[in-house]
Amino acid sequence: MSPIHAYLVFDGTAAEAMRFYEKTLGGTMQMMMTMGEAPGAGQFPPGAEKRIMHAALAYGDGMLMASDTMPGQPYEGMKGFGVALTIETVAEAKRVFDAFADGGKVTMPFDKTFWVEGFGMVTDRFGTPWLINGGKPLV
């Protein structure tokens, strides 16, 4: 059975967000295709050319994927979920947390919890909610 992967949808900021995640997480971008580069690109509405059709970022054993909405489609933002990360060290988890918090909104400060050495919740500047665990499990 394959691992579960997250697929995020943005409203025109997928390319910027995925490049930021690649840099921050140290992953490798496997693919980033605009709607203008996609097969059948002529079928998309005007203004869609530079939006992301599909992006895939490999990170550890997982994959973070994303795309943009079509121009003019209603976008309600990301809600009702969070992307959970487990990072080996507290220091690295705190670094990632701080990078996501820059321009974002901290919903739970990074601190020790009863289950792990460090944990925090943050919604980054692109609207993605993150739950970051760092260090050794305590239970």
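Quick caveat: nothing in here was measured; it's all calculated off a predicted structure.

A closer look at the overall build of the protein
For the protein, the count of helices and strands is two helices and eight strands. Starting at the N terminus and ending at the C terminus, the protein contains elements arranged as β-α-β-β-β-β-α-β-β-β. For the protein, the spread of C-alpha atoms along the principal axes amounts to about 55 × 30 × 25 Å. In the protein, once contacts between residues fewer than 6 apart in sequence are set aside, the share between residues at least 24 apart is 53%. Split by element, the accessible area of the protein, about 7,900 Å² in all, is 57% carbon and sulfur. One finds the centroid of the 11 positive side-chain charges in the protein at a distance of 4 Å from the centroid of its 15 negative side-chain charges.

Comments concerning the pairing of strand 8 (residues 129-137)
Here strand 5 (residues 83-87) pairs with strand 8 via five bridges, running parallel. Opposite V83, over in strand 8, you have W130 as the bridge partner. Inspection of the sheet shows strand 7 (residues 116-123) paired to strand 8 by seven bridges, in the antiparallel sense. Following the sheet pairing, F119 is matched in strand 8 by N133. Here strand 7 folds back onto strand 8 in antiparallel fashion, the turn holding five residues, of which G127 has a positive phi close to 95 degrees.

Topic: the side chain of T113
Residue position: T113 is located in the loop between strand 6 (105-111) and strand 7. Its relative accessible area of 12% is what places T113 among the buried residues. Of the polar contacts made by the side chain of T113, one reaches the backbone nitrogen of W115; its length is 3.2 Å.

A short note on the packing of helix 1 (residues 14-25) against helix 2 (residues 90-101)
Between helix 1 and helix 2, the shortest axis-to-axis distance is 10 Å and the interhelical angle comes to 155 degrees. Relative to helix 2, helix 1 is oriented roughly antiparallel. Helix-helix and strand crossings are classified by hand; for helix 1 and helix 2 the assignment is right-handed. Between helix 1, through F20, Y21, T24 and L25, and helix 2, the contact on the second element is made entirely by R95, V96, A99 and F100.

Points about helix 2
Taking 1.5 Å of rise per residue, 12 residues should cover 16 Å, and helix 2 covers 16 Å from first to last C-alpha, within 8% of that figure. Listed in full, the buried residues belonging to helix 2 are A93, V96, F97, A99 and F100. Taken end-on, helix 2 shows its buried residues confined to a sector of 160 degrees, consistent with a single buried face. At the C-terminal side of helix 2, G103 shows a positive phi close to 85 degrees.

Topic: the sheet that holds strand 1 (residues 6-10)
With mixed pairing, the four strands of this open sheet are ordered in space as 1-4-3-2. Only two strands of the sheet have a single neighbouring strand rather than two, namely strand 1 and strand 2 (28-34). Along the sheet, successive strands turn relative to each other by an average axial angle of 15 degrees, direction set aside. Pairing geometry for strand 2 and strand 3 (residues 52-59), over six bridges, is antiparallel. Bridging across to strand 3, M29 finds its partner in L57. Set on the sheet, helix 1 makes contact with strand 1, strand 2, strand 3 and strand 4 (62-68); between it and strand 3 the angle comes to about 5 degrees.

Here we look at the nonpolar core
The tendency in soluble globular proteins is for nonpolar side chains to be buried side by side. F10, Y21, F100, W130 and I132 are the most contacted members of the largest nonpolar core, which totals 29 residues. Every element with two or more residues in this core is listed here: strand 1, helix 1, strand 3, strand 4, strand 5, helix 2 and strand 8. The biggest single contributor to this core is helix 1, with seven residues. By size, the runner-up hydrophobic cluster in this structure holds five residues, among which are A38, F44, A48 and M70.

Parameters at a glance
- Residues numbered from 1 in each chain as written.
- Predicted model: local features only at pLDDT ≥ 70, side-chain atom pairs only at ≥ 80, totals over all residues.
- Heavy atoms only, no water.
- Helix = DSSP H or I, 4+ residues; strand = E, 2+ residues; numbered from the N terminus.
- Contact = heavy atoms within 4.5 Å.
- Areas by Shrake-Rupley, 256 points an atom, 1.4 Å probe, with all protein chains shown as cover.
- Lys, Arg positive; Asp, Glu negative; His and termini not counted.
- Charge placed at Lys NZ, Arg CZ, Asp CG, Glu CD.
- Pairing = 2+ DSSP bridges.
- Buried < 20%, exposed > 50% of the residue type's maximum accessible area, 1.4 Å probe, protein only.
- Polar contact = N/O pair within 3.5 Å; in protein donor to acceptor, adjacent residues only side chain to side chain.
- Axes fitted to C-alpha atoms, helices over the stretch in contact; angles between N-to-C directions.
- Parallel < 35°, antiparallel > 145°, perpendicular 65-115°, else oblique.
- Left-handed = near helix turned anticlockwise from the far one by under 90°.
- Expected span 1.5 Å × (residues − 1).
- Arc of directions from axis to C-beta.
- Core = buried A, V, L, I, M, F, W, Y, C linked by side-chain atoms within 4.5 Å.

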